[in-house]
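Overview (structure and organization)
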There are 2 protein chains.
Amino acid sequence: MSSIQRDIIVREVGLRDGLQIHPTFMPTADKLTWIQNEFQAGVGEIEVTSFVPPKLIPQFADATEVCQGALKHKDLVVSALIPNLKGAQRGIELGVRKLNYVVSVSKTHNLKNVRRERDASMQDFKAIVDLIKTLPQTQRPLIGAGLSTALGCSYEGKIAVTEVVLCAEQLLDAGADEIVVCDTVGYADPAQTRAVLKAVLAVAGRVPVAAHFHDTRGTGLANVTAALDCGIQYFDASLGGLGGCPFAPGASGNIVMEDLCFMLDAMGLKTGVNLDALLSTREAMSKSLSDLKLYGQLAKAGLPNGFVSTYQAQAA
Amino acid sequence: MSSIQRDIIVREVGLRDGLQIHPTFMPTADKLTWIQNEFQAGVGEIEVTSFVPPKLIPQFADATEVCQGALKHKDLVVSALIPNLKGAQRGIELGVRKLNYVVSVSKTHNLKNVRRERDASMQDFKAIVDLIKTLPQTQRPLIGAGLSTALGCSYEGKIAVTEVVLCAEQLLDAGADEIVVCDTVGYADPAQTRAVLKAVLAVAGRVPVAAHFHDTRGTGLANVTAALDCGIQYFDASLGGLGGCPFAPGASGNIVMEDLCFMLDAMGLKTGVNLDALLSTREAMSKSLSDLKLYGQLAKAGLPNGFVSTYQAQAA
């Protein structure tokens, strides 16, 4: 798998962002099958779980087993969400390749979401980076820093670009290996996406900037288009658009992995993903739980007649 | 309504493109209520029907009544699809403001769709323009020319940009007042959209170029984003995404009017549309028939907290 050429890196976040608000526990074996299938379909990075206490989110009670199972795929970048220093310690012990930490740009959202002031969350991030730095170079996980509500907040509404940049700078100064600009509640439009991403890219230097869009109001792939224009090469998505929005019951969640990969592929951008295998992965995953609500158009419409994927072109 | 400022003109096509494959007849009164509500919500142009023989599409058996009813709204641009010269004559007699004619760039699709060679359809278009020219200047309807399958064909697959340009030139030479680039089967991606639209704009000169996208594979609003970059100011859409794709049963149809208007509005582009009134129009329309399948995310998620529409800003 390591010889796969990729112009764009798509990252599966459904096992974390998709499942975290799902009421039913997905069996650990099904999670691992999903990870294996999607990795084999060509998705090279998967956020497999969250180290939040199972008391808060029972869905992640099997975080250890899921990480251990996922880590058997040698070339897969296994990442996990860490809510705090303790989560970071667990991730490090398990050998997770990448730890994802999140701070909300919206101070209100940060307070409601993790019951901490934003500044305190920034301090926690520094402590996590300091912990990582105590490890031998070869054992250090990458540390990703997500800017939640960077494109709008259910409590505060519009978020100023200057606030996003301020937070990005604090995380970069602290030592983030990646900045993830997140439209947590699906408020973004392509114009604002461009404005925010350009501003963050301007301060990020050589640190990669990723985009994490939700399709809550139908603008997900439009925002991807705007982000591509800015030069963004890293996108989060979830298989079948699994997930939702706690602020908009019934609304869709993350952008749909299959639709994203199809669009990128059609644009001639190599994702390394075999679309047929991805659709099969969706099909298998959809059978895991009876109450899963999946989204996405490609699965309903199928590939265009005569469609030649960049994946096939590459393999030929 | 004529004092409404618009950066972008959105045009409702659901009464034609949405209903034409719908198996159940929507009562004429419901169609007229839909037209009235959507016009009052600020949509300035509505394709209200098609002049195809009712034997072929019973949904349009009330074309005359629908046109007459719609034409009572003085400032509404009432348009109708015309399949041929006879349809043009009907439209002219009724006083329809704009006649929309369609040719498929794909020769195979043209043959299957209207049982005519593409060249013959081009000849028909010339005859229609010639008929219009016999009318006194003040009585002439505008004549729009749609390039169907311009971004892909269910029979032929990829369509060469050169073929699209060739067809556009023929229609422009014949006297089209507008060129509509149509992704009839939802194959388009933002990169191809840019390539095709730039090429068509280059030959269109001062004749307006509109875009007609379907969301069959989830890329509809992404393609709108690409089209906006090219300078396109005219977009077709259908309320609730009403419609579908005869080549992909179960798949979605035209891009969703509410989601489109929300995105444009969020980008600071004036559409003249009151989003709340548009959502109410959808709600009322959805009750017309029990078997209507509607799409769209805005209706599920609602407007962002603190959202200030350009419409409200304009009214204030």
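Report follows, based on the coordinates.

Basis of the calculations
- Residues numbered from 1 in each chain as written.
- Chains lettered and ligands numbered in written order.
- Predicted model: local features only at pLDDT ≥ 70, side-chain atom pairs only at ≥ 80, totals over all residues.
- Helix = DSSP H or I, 4+ residues; strand = E, 2+ residues; numbered from the N terminus.
- Expected span 1.5 Å × (residues − 1).
- Buried ≥ 20, exposed ≤ 12 C-beta atoms within 10 Å, placed from the backbone.
- Arc of directions from axis to C-beta.
- Contact = placed C-beta atoms within 7 Å.
- Pairing = 2+ DSSP bridges.
- Axes fitted to C-alpha atoms, helices over the stretch in contact; angles between N-to-C directions.

Quick look at helix H8 (residues 190-204) of chain B
With 15 residues, H8 of chain B should reach 21 Å at 1.5 Å per residue; the first-to-last C-alpha distance of 20 Å fits that figure. What H8 of chain B keeps buried is the set Pro 190, Gln 192, Thr 193, Val 196, Leu 197, Val 200 and Ala 204 of chain B. In a view along the axis of H8 of chain B, the buried residues occupy a sector of 150 degrees, so they form one face of it. As for H8 of chain B, its buried residues are in contact with helix H9 (220-230) of chain A together with helix H7 (161-174), strand E6 (178-182), strand E7 (209-212) and helix H9 (220-230) of chain B. Gly 205 of chain B occupies a position one or two residues after H8 of chain B and carries a positive phi of about 60 degrees.

Side note on the sheet that holds strand E1 (residues 9-12) of chain A
Residues and elements named next belong to chain A. The strand order around the closed barrel formed by eight strands is E1-E2-E3-E4-E5-E6-E7-E8, and the pairing between neighbours is parallel. Sheet twist, expressed as the average angle between the axes of neighbouring strands with direction ignored, equals 25 degrees. Where strand E6 (residues 178-182) meets strand E7 (residues 209-212), four bridges bridge the pair, whose relative direction is parallel. Note on E7: the bridge partner recorded for Cys 182 is His 212. On the sheet, helix H6 (residues 118-133) packs against strand E4 (98-104) and strand E5 (142-148) and is oriented at approximately 165 degrees with respect to E4.

A short note on the sheet that holds E6 of chain B
All names here are of chain B. Strand order in the closed barrel made by the eight strands is E1-E2-E3-E4-E5-E6-E7-E8, with parallel pairing throughout. The mean inter-strand angle of the sheet, taken between neighbouring strand axes irrespective of direction, is 25 degrees. This element, helix H6 (residues 118-133), spans strand E4 (98-104) and strand E5 (142-148) of the sheet and lies at about 165 degrees to E4. Contacting E4, E5 and E6, H7 crosses the sheet at an angle of about 165 degrees to E5.

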